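Spelled out, the chains give:
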Amino acid sequence: MALPPDAHPGLADSAFLKAARREPVPHTPVWFMRQAGRSLPEYLKLREGVGMLESCMRPELVVEITLQPVRRYGVDAAIFFSDIVLPLKAVGVDLDIVAGVGPVVALPVRTLADVEAIPDLTPDHVPFISEAVAGLVAELGPTPLIGFAGAPFTVASYLVEGGPSKEHAKTKAMMFGAPDVWDALMRKIAGIAAAYLEVQVAAGASAVQLFDSWAGALTPDDYRTAVMPHSTRVLEHAGTLGVPRIHFGVGTSNLLGAMGEAGADVVGVDWRTPLSTAIPQVGERAVQGNLDPTLVFAPTEVMTARAAEVIEAGRAAHGHVFNLGHGVIPSTDPDQLKRLTEFVQGYPLA
Ligand code: 1CP
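Treat the numbers as computed from the prediction; the structure is a model and nothing was measured.

A. Expanded view of the site of the ligand. The immediate surroundings of the ligand are formed by 20 residues, with A36, G37, G102, P164 and S213 found nearest. The residue inventory of the shell around the ligand, partitioned by class, reads 11 nonpolar, six polar and three charged.

Here it is in structure tokens:
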């Protein structure tokens with residue numbers, strides 16, 4: 001897996017990239033999904049009066065917000081501050097991220113004509129992303145930057161439902177009942193995700209994560225037939241860019257094998273599935289995860305005892321990136337995440 005020739009000399013040897021390549025590590029690497037954002041007072045201060053999508057389009061804010069948790073916790077990787085719907089906004093889809101709700105799409109996608117009206121993404125749509133990534137990589141030095149995109153199913157869910165949903169009923173109704181529209185929509189989103197990841201890697205991101213957060217709503221058969229081929233296209237394209245690919249979803253205990261086969265180097269596991277159960281399913285791949293995000297609300301010694309169990313279980317993968325089993329909960333005390341980071345990084349190697 002190649003890094004750009006001008007990359008920081010320490011980057012290739014970072015614990016995170018070594019774990020993703022399943023090479024021996026100096027310590028178990030750790031970062032947290034949603035490590036930037038509402039759990040940090042310095043984030044809330046910066047965001048005062050600035051809309052979520054606006055903040056994602058202002059490189060100086062993206063750089064600062066992405067760096068905040070790296071400075072505070074000393075985590076082993078940064079994740080680019082953005083959102084899975086940002087590339088849709090960039091190509092012209094009428095949507096907003098509403099505080100306390102999430103992404104809201106003005107005109108939900110229902111027909112083939114709706115799909116065809118969505119433009120493909122080119123680098124010209126997202127110059128602010130390239131600028132922010134390049135600025136970040138310069139600041140981060142040896143700390144890897146993880147770029148990301150939403151996977152076709154999860155992004156389709158917002159486009160078809162028009163906003164957050166629990167059952168994804170309209171989305172699955174399209175999948176079951178209008179396979180031609182579904183296929184066109186999934187191809188469209190896969191193309192956008194692949195192009196968006198390419199922009200981030202071209203500007204210096206040294207790994208990518210494909211978030212299929214809501215894939216757990218699917219049976220294994222439906223996942224393999226109607227979703228996996230499209231995620232595979234995105235991950236295969238990312239593979240040609242020479243960076244490790246992480247693939248994550250929630251409630252995916254019976255999809256982990258397929259999510260690995262789709263083209264992941266690292267399979268992200270949510271907290272419901274013990275790593276000891278997940279690792280045999282993902283085969284010769286690294287794993288990422290998976291402390292229950294609510295454990296930060298327990299006494300520190302309870303949290304760290306559970307973290308130790310996660311690390312011990314992760315050894316069988318010969319490539320483990322420690323993380324929470326889903327995003328940081330906004331009311332999390334940052335000091336607990338600092339203690340957790342130090343505990344994981346200081347935990348003895350086998
Ligand atoms: O650490 C970081 O920098 C986090 C950056 C980040 C990421 C990786 C944000 C900022 N969003 C995401 C990805 C994302 N967005 C996912 C996949 C990850 C996951 O499963 O958590 C999903 C499903 C979304 C969609 C989304 N955007 C939601 C969930 C809605 C639902 O369906 O339940 C929400 C609440 C948002 C808004 C959002 N995105 C990010 C932030 C900080 C926020 C909150 C808005 C704000 O601060 O005003």
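B. Quick peek at the UniProt feature "binding site: substrate" (unreviewed entry) in the chain. Per the UniProt entry, the sites bearing "binding site: substrate" (unreviewed entry) are R34, Q35, A36, G37, R38, D83, Y158, S213 and H326 in this numbering. With the annotated positions falling across 293 residues, the maximum pairwise C-alpha distance of 22.6 Å shows that they are not confined to a single cluster. Inspection of the secondary structure assignment puts R34 in the loop between α1 (15–20) and α2 (41–47). Residue R34 is classed as partly exposed on the basis of its 18 C-beta neighbours within 10 Å. Beyond its immediate stretch of four places on either side in the chain, R34 contacts G327 and V328. With 26 C-beta atoms counted inside 10 Å, the residue Y158 sits in the buried group.

C. Region of the structure containing the UniProt feature "domain: Uroporphyrinogen decarboxylase (URO-D)" (unreviewed entry) in the chain. Residues given the UniProt feature "domain: Uroporphyrinogen decarboxylase (URO-D)" (unreviewed entry) here are residues 29–38 and 146–162. End C-alpha to end C-alpha, residues 29–38 measures 23 Å, and it is 0% helix and 0% strand. Here residues 146–162 is 59% helix and 29% strand, with 28 Å between the C-alpha atoms at its ends.

D. Seen up close, the sheet that holds strand β9 (residues 320–324). Across the sheet, seven strands lie side by side as β1-β4-β5-β6-β7-β8-β9; this open sheet has parallel pairing. Across the chains shown, the open sheet's two edge strands, defined by having one partner strand only, are β1 (78–79) and β9. Of the strand pairs in this sheet, strand β6 (residues 245–248) and strand β7 (residues 266–268) are connected by three bridges, and their pairing is parallel. The residue bridging H247 from the neighbouring strand is V267, located in β7.

E. Summary view of the nonpolar core. Core analysis: the biggest nonpolar cluster contains 119 residues, and I146, A193, A205, V208 and V287 have the highest contact counts within it. The element contributing the most residues to this core is helix α10 (residues 179–202), with 13 residues. Discounting residues that sit within four places of it in the chain, I146 has contacts with A77, A78, I79, F80, A205, A207, V208 and Q209.

F. Looking closely at the environment of E312. Within the secondary structure, E312 is located in helix α14 (residues 300–314). Residue E312 is classed as partly exposed on the basis of its C-beta count, with 14 C-beta atoms lying within 10 Å. Distance from E312 to L210, taken between C-alpha atoms, is 26 Å for residues 102 residues apart in sequence.

G. Spatial organisation of the environment of P220. For P220, the location among the structural elements is in helix α11 (residues 220–240). Owing to 13 C-beta atoms within 10 Å, P220 belongs among the partly exposed residues under this scheme. A sequence separation of 91 residues divides P220 from I311, and the C-alpha atoms of the two residues are 28 Å apart. Dropping the residues within four chain positions of it, P220 is found in contact with N254, L255 and A258.

H. The packing of α10 against α11, seen in detail. Their axes nearest at 9 Å, the elements α10 and α11 cross at an angle of 20 degrees. Classified by the interaxial angle, the pair formed by α10 and α11 is roughly parallel. Handedness of the crossing formed by α10 with α11: right-handed. Together, W182, M186, R187, A190, A193, A194 and L197 of α10 and A226, H230, R233, V234, H237 and A238 of α11 make up the contact between the two elements. Residue classes in the contact of α10 with α11 are distributed as nine nonpolar, two polar and two charged.

I. Molecular detail of the pairing of strand β4 (residues 145–150). β4 sits mainly inside the fold: six of its six residues count as buried. Neither face of β4 is exposed, since L145, G147 and A149 on one face and I146, F148 and G150 on the opposite face are all buried. Note: β1 against β4, two bridges, orientation parallel. Paired with A78 across the two strands is L145, which belongs to β4. When β4 meets strand β5 (residues 207–211), the two strands line up parallel, connected through five bridges. Considered in β5, the bridge of A149 is made with L210.

J. Geometry of unusual backbone geometry. With omega at -10 degrees, the peptide bond leading from G289 into N290 counts as cis. When you line up the elements, N290 lands in strand β8 (residues 286–291). Of note, the phi angle at R34 is positive, near 60 degrees, even though the residue is not glycine. The backbone of H168 shows a phi angle near 55 degrees, a positive value even though the residue is not glycine.

Cut-offs and rules
Residues numbered from 1 in each chain as written. Predicted model: local features only at pLDDT ≥ 70, side-chain atom pairs only at ≥ 80, totals over all residues. Near = placed C-beta within 6 Å. Nonpolar A, V, L, I, M, F, W, Y, C, P; charged D, E, K, R; others polar. UniProt positions renumbered as here; feature names shortened; annotations may be inferred. Helix = DSSP H or I, 4+ residues; strand = E, 2+ residues; numbered from the N terminus. Buried ≥ 20, exposed ≤ 12 C-beta atoms within 10 Å, placed from the backbone. Contact = placed C-beta atoms within 7 Å. Pairing = 2+ DSSP bridges. Core = buried A, V, L, I, M, F, W, Y, C linked by C-beta atoms within 7 Å. Axes fitted to C-alpha atoms, helices over the stretch in contact; angles between N-to-C directions. Parallel < 35°, antiparallel > 145°, perpendicular 65-115°, else oblique. Left-handed = near helix turned anticlockwise from the far one by under 90°.

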